[in-house]
Amino acid sequence: MPEEGVYASLSAYFHQAADLLEGVSTGDWSGPGAPARPLKHDESRPEDEAIRRWAHTHGLIVNDRGRIPASTREAYEASGGSAGTPH
């Protein structure tokens, strides 16, 4: 349960919770199709490097390795997914 005054809104609380749970398994689900192959620890998505460059160009703090926050990915995608200069 969110503490009063810590989050600007209940939505902000749930966004943070979703970011923390991103990539966490929901258990054994036997749905259609083959399960996605999980990334190895030293493996990244093909677009990660472009997102990191874009984030640095726009003044966002992103680690050189590891998971890129969902909010950063969403901002990158909303910008058209280009490593251009900030507005």
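Relevant structure appears above.
Residues numbered from 1 in each chain as written. Predicted model: local features only at pLDDT ≥ 70, side-chain atom pairs only at ≥ 80, totals over all residues. Heavy atoms only, no water.

1. Structural notes on the nonpolar core
- Counting residues in hydrophobic clusters, the biggest one holds seven residues: Ala50, Ile51, Trp54, Ala55, Val62, Ile68 and Tyr76.
- Considering every element that reaches this core, the biggest residue donor is helix α2 (residues 48-57), with four residues.
- With residues up to four places along the chain from it excluded, the contact list for Val62 reads Arg52, Ala55, His56, Ile68 and Thr72. (Core = buried A, V, L, I, M, F, W, Y, C linked by side-chain atoms within 4.5 Å. Buried < 20%, exposed > 50% of the residue type's maximum accessible area, 1.4 Å probe, protein only. Helix = DSSP H or I, 4+ residues; strand = E, 2+ residues; numbered from the N terminus. Contact = heavy atoms within 4.5 Å.)

2. Regarding helix α1 (residues 10-21)
- Helix length check: α1, at twelve residues, gives a terminal C-alpha distance of 17 Å against a target of 16 Å (1.5 Å per residue), a fit within 8%.
- Gly23 occupies a position one or two residues after α1 and carries a positive phi of about 90°. (Expected span 1.5 Å × (residues − 1).)

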